[in-house]
Amino acid sequence: MPRYQLRDTTTYQLLAQDLPNYVAAEAALDRLDHELEHALHRNGEGAGRIRLRLDIERVTGGIATAVGHHVLLLGVNDAELFPRL
């Protein structure tokens, strides 16, 4: 049975592992985004639009294969990305 994990595509650091399915991997991405935003705010750091590129990998038989790619934009309001017309 495959498992899923999250990896930073720049540093190759494994951020989450042993996730049961793709949906759980996406939920882990949401949690990571939320935790990082709060850590920046708590430390008084005005995030200068930090961009993290992360892969969702499926692990089967010890072999990891990228099955999804996400970009997290930290320190950016949705209103900044999608202003009202």
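Notes on the structure follow. (Residues numbered from 1 in each chain as written. Predicted model: local features only at pLDDT ≥ 70, side-chain atom pairs only at ≥ 80, totals over all residues. Heavy atoms only, no water.)

1. What to know about unusual backbone geometry
And step 1. Even without being a glycine, Y12 presents a positive backbone phi close to 65°.
And step 2. Its location among the elements puts Y12 in the loop between β1 (3-8) and β2 (14-19).
And step 3. For Y12, a relative accessible area of 59% puts it in the exposed group.
And step 4. Notably, D18 is not glycine yet its phi reads approximately 60°, a positive angle. (Helix = DSSP H or I, 4+ residues; strand = E, 2+ residues; numbered from the N terminus. Buried < 20%, exposed > 50% of the residue type's maximum accessible area, 1.4 Å probe, protein only.)

2. Quick look at the pattern of salt bridges
And step 1. In the structure shown here, the tally under the stated rule is two salt bridges.
And step 2. Its salt-bridge partner being R3, residue D18 comes within 2.9 Å of it at the nearest N-O pair. Here D18 is found in strand β2, whereas its partner R3 is found in strand β1, with 15 residues between them in sequence.
And step 3. Residues R7 and E57 are paired through a salt bridge, measuring 3.0 Å at the closest nitrogen-oxygen approach. Of the two residues, R7 sits in strand β1 while E57 sits in strand β3 (residues 50-60), which places them 50 residues apart along the sequence.
And step 4. Note on E57: relative accessible area 8%, which makes it buried. (Salt bridge = Lys/Arg side-chain N within 4 Å of Asp/Glu carboxyl O.)

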